Amino acid sequence: MSGTTKSLKDLYIHEIKDIHSANKQAAETCGMFARKLPEGSPLVQKFQQSEKMIKDNNAELEKLAERHDEKASGMHCKGMEGLVTEGKKHVLHSDYTDEALREATAIAQFQRMTHYALAGYGTANAYAKQLGDHQGSKALQGLLDEGYEGDRAFTDMAVNCINEQAAEANEEE
Ligand SMILES: [Fe+2]
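## A word on the coordination of the iron ion
(1) Moving on: Distances from the iron ion to its protein donors, Asp 18 (OD), Cys 77 (SG) and Tyr 116 (OH), fall within 2.0 to 2.4 Å.
(2) Moving on: In the primary structure, the donors to the iron ion are separated according to the pattern D-x58-C-x38-Y. Taken together, the residues span a long stretch of sequence, with Asp 18 in helix H1 (residues 8–36) and Cys 77 in the loop between helix H2 (42–67) and helix H3 (78–91) at a distance of 59 residues.
(3) Moving on: Among the residues examined, Cys 77 registers a relative accessible area of 1% and is labelled buried.

The following block contains the structure:
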C-alpha cells in the first residue's frame, strides 16, 4: 500500500483491490490449467467454471468499490503472483508419467490460490461489518460462501476421483 494508511476504510478498500488483482490472476491461471489438462477430463470443465465464477466475483467487487467512489482495479497482488508462478511451474512446465498426476497437482495448486481469496473475503467482510457497510458485507459473505463451496468441490474431486487415478499411475511403473 503506497502512502499512509489513515483508517479502517483505507484497509477495506485496499483489501478489495488486493482480492480483485488476485482474482484476475487466478482466473487467467484457471484458463491455462484448463487448456493444459487432458481434454474431456471433468477437471477441465471445473477449471472453466471456476474461471467464469472468479470473473463474476470481480464484477461484484467492482460494484462494491464503486459504491465507495473507488476502483477495485489498479493494484498488483504479489502474493498471488507467487502462487501463480508455482502453479504454472507444476501444472504447465513439469513432466509427468501419467496425466492424472498433473491433474492431482493442478487441484493442489488451485486450492492454494482459492485459499488466498477466501482469506481476503473473510477479512474484507469483517471490515465491512465494522464499518457498517451492510450491502458490502452481504456481497462479501456471498462470495465467501460460494468460494468455500467451490473449494469443497475441488477437494471432493481430488479425494473421490483424481487422487485414486494418480495412485494407479505409480502401480503401472
Ligand atoms: Fe496481495
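From this point, things continue past the structure.
## Some thoughts on H2
(1) Moving on: Over its 26 residues, H2 runs 38 Å from end to end, which matches the ideal 38 Å to within 8%, given 1.5 Å per residue.
(2) Moving on: Those residues of H2 not exposed but buried are Leu 43, Val 44, Lys 46, Phe 47, Ser 50, Glu 51, Ile 54, Asn 57, Asn 58, Leu 61, Leu 64 and Ala 65.
(3) Moving on: A positive phi of about 55° marks Asp 69, the residue just after H2.

## Concerning the environment of His 20
(1) Moving on: Its place among the elements puts His 20 in helix H1.
(2) Moving on: Given a relative accessible area of 6%, His 20 falls into the buried group.
(3) Moving on: In sequence terms His 20 and His 93 are 73 residues apart; their C-alpha atoms lie 26 Å from each other.
(4) Moving on: For His 20, the residues in contact, after removing those within four places along its chain, are Asn 58, Leu 61, Glu 62, Ala 72 and Ser 73.
(5) Moving on: For His 20, the side chain forms a polar contact with the side chain of Glu 62, separated by 2.7 Å.

## Things to note about the nonpolar core
(1) Moving on: Core analysis: the largest hydrophobic core is formed by 25 residues, its most contacted members being Phe 33, Leu 37, Leu 43, Phe 47, Met 80, Phe 110 and Met 113.
(2) Moving on: Put simply, the parts of the chain that give this core at least two residues each are H1, H2, H3, helix H4 (99–131) and helix H5 (134–171).
(3) Moving on: It is H1 that provides the largest number of residues to this core, a total of 6 residues.
(4) Moving on: Apart from residues lying up to four places away in sequence, Phe 110 is in contact with Cys 30, Phe 33, Phe 47, Ser 50, Ile 54 and Phe 154.
(5) Moving on: Counting residues in hydrophobic clusters, the runner-up holds 16 residues, among them Ile 13, Ile 16, Ile 19 and Ala 117.

Conventions used here
Residues numbered from 1 in each chain as written. Predicted model: local features only at pLDDT ≥ 70, side-chain atom pairs only at ≥ 80, totals over all residues. Heavy atoms only, no water. Donors = N, O, S within 2.8 Å, 3.2 Å for Na, K, Ca; no water. Helix = DSSP H or I, 4+ residues; strand = E, 2+ residues; numbered from the N terminus. Buried < 20%, exposed > 50% of the residue type's maximum accessible area, 1.4 Å probe, protein only. Expected span 1.5 Å × (residues − 1). Contact = heavy atoms within 4.5 Å. Polar contact = N/O pair within 3.5 Å; in protein donor to acceptor, adjacent residues only side chain to side chain. Core = buried A, V, L, I, M, F, W, Y, C linked by side-chain atoms within 4.5 Å.

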